[in-house]
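Residue-level listing of the chains:
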Amino acid sequence: MRLEMKHISKSFGPVRALKDVSFDVQSGEIHGLLGENGAGKTTLMNVLAGTFPQDSGNIIIDGKEVFGMTPKKSNDLKIRFIHQELNLCNDLKVYQNMFLGEEYSKHGWKVDKERELIHAQQVLDSMNTGIDASTVVSELDTAQKQLVEIARALLFESELIIMDEPTTALNSKEIEKLFSIMSALKEKSVSFIYISHKMPELFSICDRYTVLRDGEFIQSGFFKDINEQGATELLIGKRFVAATIRSARAVPATSGMVLKATNLCGASFKDISFTLHQGEIVVFTGLQGSGTDELATSLFGASRLTGGTVETKNGLLDMRSIRDVMRSGIGMIPRNRKERGILPDLSIRNNNSLAFFTAKHNKPFVNRKEEIERFEKSRKRLEIKVSSDLDLITSLSGGNQQKVILSRWLELDSDVYIMDNPTQGIDVGAKFAIYKLVVELAEQGKSVLFFTSEYPEIHQLADRCFVLYKGEISAQLTREEFSEELIMACSTGTHREAHK
Amino acid sequence: MKALALNGKLGKASWRNLTTNYSHWLSFILLMIVAVIVSPSFLSWNNITNQFVQGAVVGICAMGMSLIISSGMIDLSVGSSVALISALGVNVLNSQHSLLLCLVFCLVAGMLVGLINGLLVTKGRIAPFIVTLATMSAWRSVINQLGQGGPFTVDKTMYASFRNIAAGRTLGIPNLMLFLIIVTVVTALLMSKTKFGTYVYAVGSNQQAARLSGIHVDRVKTLIFTYAGTLYGLAAFLLASRLTSIQAASAGSGYEMDAIAAVAIGGTSMEGGRGKIIGTFLGVLMLRIINTVLIMANVPPFLNGLVTGVIIIVAVLAQSSKKGK
Amino acid sequence: MKALALNGKLGKASWRNLTTNYSHWLSFILLMIVAVIVSPSFLSWNNITNQFVQGAVVGICAMGMSLIISSGMIDLSVGSSVALISALGVNVLNSQHSLLLCLVFCLVAGMLVGLINGLLVTKGRIAPFIVTLATMSAWRSVINQLGQGGPFTVDKTMYASFRNIAAGRTLGIPNLMLFLIIVTVVTALLMSKTKFGTYVYAVGSNQQAARLSGIHVDRVKTLIFTYAGTLYGLAAFLLASRLTSIQAASAGSGYEMDAIAAVAIGGTSMEGGRGKIIGTFLGVLMLRIINTVLIMANVPPFLNGLVTGVIIIVAVLAQSSKKGK
Amino acid sequence: AGTGEQGKSTKKQLMGVVTPSADHGFTAESIRHCEAQVKALAAANGFDYRFMTAAESGEQSNAVETILGMKPTVMVLWPVTGDELRSAAQSVMEAKVPLIVYDRFIEGLTPTAEISGDNVAIGEGAGRYFNDFFKADLAKGTVNYLEFKGDSSTVPMERTNGFLSTADKNFTLDQSFVTNWSQQTAMEQMENFLNTKSVAEIESIKAIWTHDDEIVFGIVEALKNYHGSAKINIRLINGVSAGMGFMDLFENSGLKGIDFMTYTFSPSMVRDAVDLGYKVMKGETLEKNYKVPTEMIDKTNFKAYMQSDMYKTRYSL
Ligand SMILES: Nc1ncnc2c1ncn2[C@@H]1O[C@H](COP(=O)(O)OP(=O)(O)OP(=O)(O)O)[C@@H](O)[C@H]1O
Ligand SMILES: Nc1ncnc2c1ncn2[C@@H]1O[C@H](COP(=O)(O)OP(=O)(O)OP(=O)(O)O)[C@@H](O)[C@H]1O
Ligand SMILES: [Mg+2]
Ligand SMILES: [Mg+2]
């Protein structure tokens, strides 16, 4: 498929999200779409997939202009869209979700469930997901849900697949597998539009790039002609120094204990023990299904522990009430922003204040001035792009929503932060700012439990790294010990077998 | 080979699934036990068929309500709609002297009534609760105005043959029972075997996701109301045949609450996304059994409401506790 | 300087915000215009205060309903709860001969009634619709049993002073009007100025995210029902004072639907997460105005329901069309 | 008729009418008669009227107050329940507006005039009729009967209390049902009774005492639907209202061995209340209390009754 989008403009009320943007994708090409948070990438793709109409401009496919695009029409044109936010029906089974809107039928009226199940399972297996196509989606964890979204796009013979930050919840192994599938499809002249804030990914899989900034087209070209540094500067529009943040920081002496977990057991993990010290950054990592997802929520009192204890300096924690955990000085930035983070009907300001209200604000009445000042501070610190903090949070781009969630927790000034994939969807520049922030927090004597599956993050931040495999700690590595290969080996269990 | 593997997969329903999926049976069996203890004659063939017969009219409505609730909506206009269609149906019967015409009229009128709800919800973007609150009030008013308060009574000429539809039996089984079973089976097939069924749950589960999958959410919602409306039409036809006289002011009143209660105690989540037609069927029977037990046990009439309320809570509780959570 | 910059930001509320946030005023003004056209005497001081007086009892309930709906729940037990509390309140008054004790009793009883709903919803994990459907039926049954069908009537001794609460005026303003305004102001402050208000909307918007922000969702839900229940208690007290006699079978019937309709035409989304107390206040007045217009225009009695239904739809439509979507 | 007050303004006289809303057949038919009468009188005599129905007392009080705000010449009020409307009625009296109260009494309040059907008399009459009908059986021992109530408001209570005051001590209540005036509810209750009770209990029932014709229709359907083994020994069922449908039962009930009896309680009675209102308007003085007599109708006199003016007026609309 040859796609051209010409002079696309789109406004949301006073916000001009796209201004006269043109770009094109050739057949059998993987096209990287780059831009800061709020640059308009998702909006452009939404126009292409018919989620909403453009204000002006044309979409031309194989030389023919398409008018009045709708999700259905774009499906019929063999365009698939993997959305930035999860869009699955939690109550339906995996295969039903995958075929939603395009069921196989037999005898004219019946859904051919068996055929759907076989086909869905084939695709899931080809991606090495280990997901059973007949499970109900609500039982999957965030990474698995994302894999289902991807698998869904691979079911049918598509000609253009749009991937809007498909890898935010995936680990490197899953990403590798995804890339090999993409390459194979590319051979069959399927085109891709690939949106990501992870530079290495873009450079390894994409052929061409287009950069957007503030809703405007900046530049197109071949990845082979630029480097990461150059790309980053293109999209933020100024010079960028990607200093390694971590190198400046000395490993903290094993000072006071701030959090100690003993023999924690939950539905998907067991016997987890560790001690977190003041000023320390500890990273937890593991493949999907390794239990990291639930461990993070359990440490915060949000999932039930079936055994074990968590204590702070002040003694054992009662893990039954999240608010008590918060008041003991623990904060958690949850993963899966759409389901667990944002409150779509509330303003940006209220979204920002919520955790502060429950943990810190001891009067029943709210002081507007104080609330506004708090938000202003966070806005500056995290460079959140908002027009009015009274707007709904859903009017923000994905990355900016994530920043509001971050700010919600940073305001608490907790002693311990559990950060579960906190850079989900955050752009390159801002990511560095956040790493810097995490290190700063540590230097102020706060401690961080960082859950991630991206090696660069581990590398940037970790003082120590725990790798989970099948719900147990398979390795505890110090900064000197870990490497990408070793972590991978530990998280797939091969490492342990080698030891035996 | 492949088929076998598949069966294995489908059969892999875990214990947890079993208890959540079949918990409405639990409430049902509990209630049955209570009924038999209160009166051993409960299990007579006569009484059993009677439960179905009495449950038929509301039960058919409840099947429509199942779809509506599974898709995350609600319908308060059931009783008024049934009353309106019944009343007009009697008029059609009296003027046309044709059972068939009357039936067709009822079904078409039901479709229209449902369509109106559906269009107001989808085109008007008004919450189903409000739309159907308004149509509930409106249809009752229309029928009162048409009947000027008086009843709509089936003429002598058609009385016997019309009454025989609801009162008659086929192969020893009461017709009303057959109607209820057929509607249940058709609705169950619709929901479990067709695309449309999947769409209903998808809309109830995550409307945005459904829309982005290319499902015409508005069309699905309109169809749901239309299907439900058609069932109300059938229910209205049967009600008219059962009563042979429709009181403008009171006919069908309270049907919406009965239908919703049946759906709820049948284990369908009020939030949408999930639902079990067989559960609704059991729910309808449970409501009937509660009523019968009240009479068998000679519960003081003023306390019936209290006992019914408590039983509904207990029945739902029995299920939700099984659900763990 | 800072303050100025902040003001600038606040003032930037876009046109879209303006029309969505104030669209209930639109319906209200439209309806006022209709009323004045039908009868110019509509704008007399007497008639205007009368709208408030008549709206007070349901209006106070509607304030509680606002919270319930904003948090994504519903309450069908309003009418029965009010009836039960009123009836018992009259008994307390007759035996204790104290207005204050009667008031305290009503408030506490209301709290308990709300608490029961709240605990069943949160501890029992049953959908609010079902819980309150059951308590609706249960309370009505209890009051019928207690009164054995008869009315609960205020004794001669207390009659005059008790009646004077609802019938009297303070500084020329009817007491009932004052009660309604005070409850509205308190509820509006609660929802806009306190943390609790934010929690209510948060729970209605995304329960999981609310929980993960440290909000005790169950406690908030229970508090909401308790607050609403307390308001029902106040409403019950005023109803008893207004009627001086409470009929077991019919008192308060339909209040839930009126309260819900007021909330809905006041622009609060039935899905929860958003809501406007002032909108509910206008909604209450709109329902009153509709009724007054029906009388003034001598709409045929059987057609009242139709006209009311149509007006509700139009009022909500006027708002949702403004919302774009 | 003109008083001095009238001379001052050219405003038309206004009659306010407030009734319950149509929640079952009797109220619905009554509303229709009421509206027809007030409309006709107003057109013929050049006065204005406001008519409002309401489902419960709070709403009715609202309607009374709204109309009171329009300064009516006279108010005709049919309360949902008497006591609950006392406060509103008192306001009417305090505003010096003549008040006609129909069908329910308001204890402790003396309106300009009261007019009602006699519910207690209906009950008492029925009790006596039952005594006569079962004279032989009562002499031998107890007679079991079922009761189907309307609802829990005052009207049904008055009827039942009347019945109990005259009915023989040997009448034994087997079970009581609250039908909410619904034909369907009554039908289902009767069906359940027949299907779940022992043969002995069913066969012991000889009479059914109800509060309304419509309830009887439901019971008759249930009896027709009965396929069980018990012998039906019911010999008498009564209704109240004496409407067209009931007249059919006397010859075409489809049930053998069951007699029927009903009391006239016509929805057209409400016309009399409106007439009283008009009389007040003209300046006539009224008596304090009017009773609309009720008549017993059974197979012996129903044909004559169907020729009577009362019956004709009822179905004149
Ligand atoms: N529904 C909406 N209503 C109002 N404004 C919106 C809406 N959707 C997007 N915007 C605005 O449009 C602009 C572009 O947003 P978009 O989501 O396209 O950014 P993005 O490039 O995908 O960013 P990210 O990398 O953070 O996902 C932002 O300023 C955003 O606030
Ligand atoms: N996290 C929360 N979850 C649920 N309800 C809350 C929460 N925080 C406060 N509330 C309720 O909101 C209102 C005001 O909050 P505030 O924090 O002042 O109460 P509190 O007395 O400090 O709470 P606690 O008794 O738990 O310490 C109170 O009614 C409180 O019960
Ligand atoms: Mg985006
Ligand atoms: Mg406190």
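Remember, it's a predicted structure, so these values are computed and weren't measured experimentally.

Before going further, it helps to spend a moment on the overall build of chain D. Each helix and strand in chain D was counted, giving 14 helices and 12 strands. The globule rule puts the C-alpha radius of gyration for 317 residues at 20 Å, and the 22 Å found for chain D is close to it. The dimensions of chain D, computed from C-alpha atoms along their principal axes, are 75 × 40 × 30 Å. Within chain D, buried positions represent 63% of all 317 residues.

Quoted interface sizes are often the accessible area lost when the parts come together. With 34 residues of chain C at the contact, the number on the chain D side is 33 residues. Between chain C and chain D lies a buried interface of about 2900 Å² when both sides are counted; carbon and sulfur atoms form 48% of it. The tally of links between chain C and chain D comes to two salt bridges. One salt bridge connects C:R242 with D:E65, and the closest N-O pair in it is separated by 3.0 Å. The tally of links between chain C and chain D comes to 18 residue pairs in polar contact (both at pLDDT 80 or more). When contributions to the side of chain C that touches chain D are tallied by element, the ones reaching two or more residues are α3 (45–70), β1 (151–153), α7 (156–167), α11 (217–243), β4 (245–247), α12 (255–265) and α13 (277–296) of chain C. It is α13(C) that provides the largest number of residues to the side of chain C that touches chain D, a total of five residues. Here the side of chain C that touches chain D is composed, by residue class, of 13 nonpolar, 17 polar and four charged.

Each strand in a sheet pairs with its neighbour through backbone hydrogen bonds, running either in the same direction (parallel) or in the opposite one (antiparallel). All names here are of chain D. Across the sheet, which stays open at both edges, the six strands sit in the order β7-β6-β8-β9-β10-β12 with mixed pairing between neighbours. Two strands lie at the open edges of the sheet, namely β7 (171–178) and β12 (296–298), each paired on one side alone. This sheet shows a mean twist of 20° between the axes of neighbouring strands, independent of strand direction. Bridge analysis of strand β8 (residues 205–210) against strand β9 (residues 236–241) gives two bridges, and the strand direction is parallel. Bridge pairing in β9 places I208 opposite I237. Of the strands in this sheet, β9, β10 (259–264) and β12 touch helix α11 (residues 244–252), which is tilted by about 155° from β10.

Residues and elements named next belong to chain C. Two elements in contact, α7 and α11, have axes separated by 7 Å at closest approach and are oriented at 115°. When the axes of α7 and α11 are compared, the pair comes out roughly perpendicular. In this structure, the crossing between α7 and α11 has a hand that is left-handed. Here F162, R163, I165 and A166 of α7 lie close against α11, whose contacting residues are F237, L238, A240, S241 and R242. Here the contact of α7 with α11 is composed, by residue class, of six nonpolar, one polar and two charged.

Turning to the layout of surface pockets, a few remarks are in order. Computed from the structure, the second largest pocket encloses a volume of approximately 1100 Å³. Around the second largest pocket, the lining comprises 41 residues; the ones closest to its centre are B:T153, D:F217, D:M244, D:G245 and D:D248. Tallying contributions element by element places α11(D) first for the lining of the second largest pocket, with seven residues. Its residues assigned to classes, the lining of the second largest pocket shows 15 nonpolar, 14 polar and 12 charged.

The interface is formed by 39 residues belonging to chain B together with 38 residues belonging to chain C. For the pair chain B and chain C, the summed buried surface comes to about 3200 Å²; carbon and sulfur atoms form 81% of the total. Where chain B meets chain C, there are zero salt bridges. In this assembly, chain B and chain C are joined by seven residue pairs in polar contact (both at pLDDT 80 or more). Within the residue set of the side of chain B that touches chain C, elements represented by two or more residues are α6 (128–147), α12 (255–265) and α14 (304–322) of chain B. Here the side of chain B that touches chain C gets 11 residues from one element, more than from any other, and that element is α6(B).

The next thing to look at is the relation of the copies chain B and chain C. It takes a turn of 180° to lay chain B on chain C, together with a shift of 0.1 Å along the axis; the resulting RMSD is 0.1 Å. What the superposition gives is, in effect, a two-fold axis relating one chain to the other. Among all residues of chain B, the minimum C-alpha distance to the rotation axis is found for B:E271, at 5.1 Å. When the interface residues of chain B are mapped onto chain C, 97% of them are again interface residues, pointing to one common binding face.

A word on the coordination of the magnesium ion (ligand 3). All names here are of chain A. Coordination sphere of the magnesium ion (ligand 3), protein contribution only: T42 (OG1) and Q84 (OE1), at 1.9 to 2.1 Å. Placement of the pair is T42 in helix α1 (residues 41–48) and Q84 in the loop between β6 (79–82) and α3 (94–98), with a sequence separation of 42 residues. Classification of T42 as partly exposed rests on a relative accessible area of 24%.

Okay, the nonpolar core next. Grouped together as the largest cluster of nonpolar side chains are 284 residues, with contacts concentrated most on B:F129, C:L76, C:F129 and D:M190. Residue contributions to this core reach at least three from each of two domains, namely domain 1 (3–236) and domain 2 (244–491) of chain A. Apart from residues no more than four positions distant in its own chain, C:F129 is found in contact with B:I74, B:F129, B:M257, B:I260, B:M270, C:I74 and C:L76. Listed in part, the 125 residues of the second largest apolar core include A:V190, A:F223, A:V282 and A:L461.

All names here are of chain B. On the surface, a nonpolar cluster with roughly 600 Å² of combined accessible area is contributed by Y22, W25, I29, I33, I37 and I278. In terms of residue count, helix α2 (residues 15–38) provides more of the nonpolar patch than any other element does, five residues in total. Inspection of the secondary structure assignment puts I33 in helix α2. On the basis of relative accessible area, I33 is assigned to the partly exposed category, the value being 46%.

The next thing to look at is the sheet that holds strand β11 (residues 289–292) of chain D. Residues and elements named next belong to chain D. Taken in spatial order, the six strands of this open sheet run β2-β1-β3-β4-β5-β11, and their pairing is parallel. Two strands close off the open sheet at either side, each with one partner strand: β2 (48–54) and β11. Going from strand to strand, the sheet's axes swing by 15° on average, the running direction of each strand aside. In terms of strand pairing, strand β1 (residues 14–20) meets strand β3 (residues 74–77) through four bridges, oriented parallel. Each bridged residue has a counterpart across the sheet, and for M15 the counterpart in β3 is V74.

Basis of the calculations
Residues numbered from 1 in each chain as written. Chains lettered and ligands numbered in written order. Predicted model: local features only at pLDDT ≥ 70, side-chain atom pairs only at ≥ 80, totals over all residues. Heavy atoms only, no water. Helix = DSSP H or I, 4+ residues; strand = E, 2+ residues; numbered from the N terminus. Rg over C-alpha atoms; globule rule 2.2 N^0.38 Å. Buried < 20%, exposed > 50% of the residue type's maximum accessible area, 1.4 Å probe, protein only. Contact = heavy atoms within 4.5 Å. Buried area = accessible area lost by both parts, 1.4 Å probe. Salt bridge = Lys/Arg side-chain N within 4 Å of Asp/Glu carboxyl O. Polar contact = N/O pair within 3.5 Å; in protein donor to acceptor, adjacent residues only side chain to side chain. Nonpolar A, V, L, I, M, F, W, Y, C, P; charged D, E, K, R; others polar. Pairing = 2+ DSSP bridges. Axes fitted to C-alpha atoms, helices over the stretch in contact; angles between N-to-C directions. Parallel < 35°, antiparallel > 145°, perpendicular 65-115°, else oblique. Left-handed = near helix turned anticlockwise from the far one by under 90°. 1 Å grid on protein atoms, 1.4 Å probe; cavity = no way out; pocket = protein on both sides within 12 Å on 5 of 7 lines; lining within 4 Å. Points joined across faces, edges and corners; volume = space filled by probe spheres on them. Least-squares fit on C-alpha atoms with pLDDT ≥ 70 in both. Donors = N, O, S within 2.8 Å, 3.2 Å for Na, K, Ca; no water. Core = buried A, V, L, I, M, F, W, Y, C linked by side-chain atoms within 4.5 Å. Domains from an automatic or database assignment. Patch = residues over 30% accessible without salt bridge, like charges linked within 9 Å, V, L, I, M, F, W, Y side chains within 5 Å. Areas by Shrake-Rupley, 256 points an atom, 1.4 Å probe, with all protein chains shown as cover.

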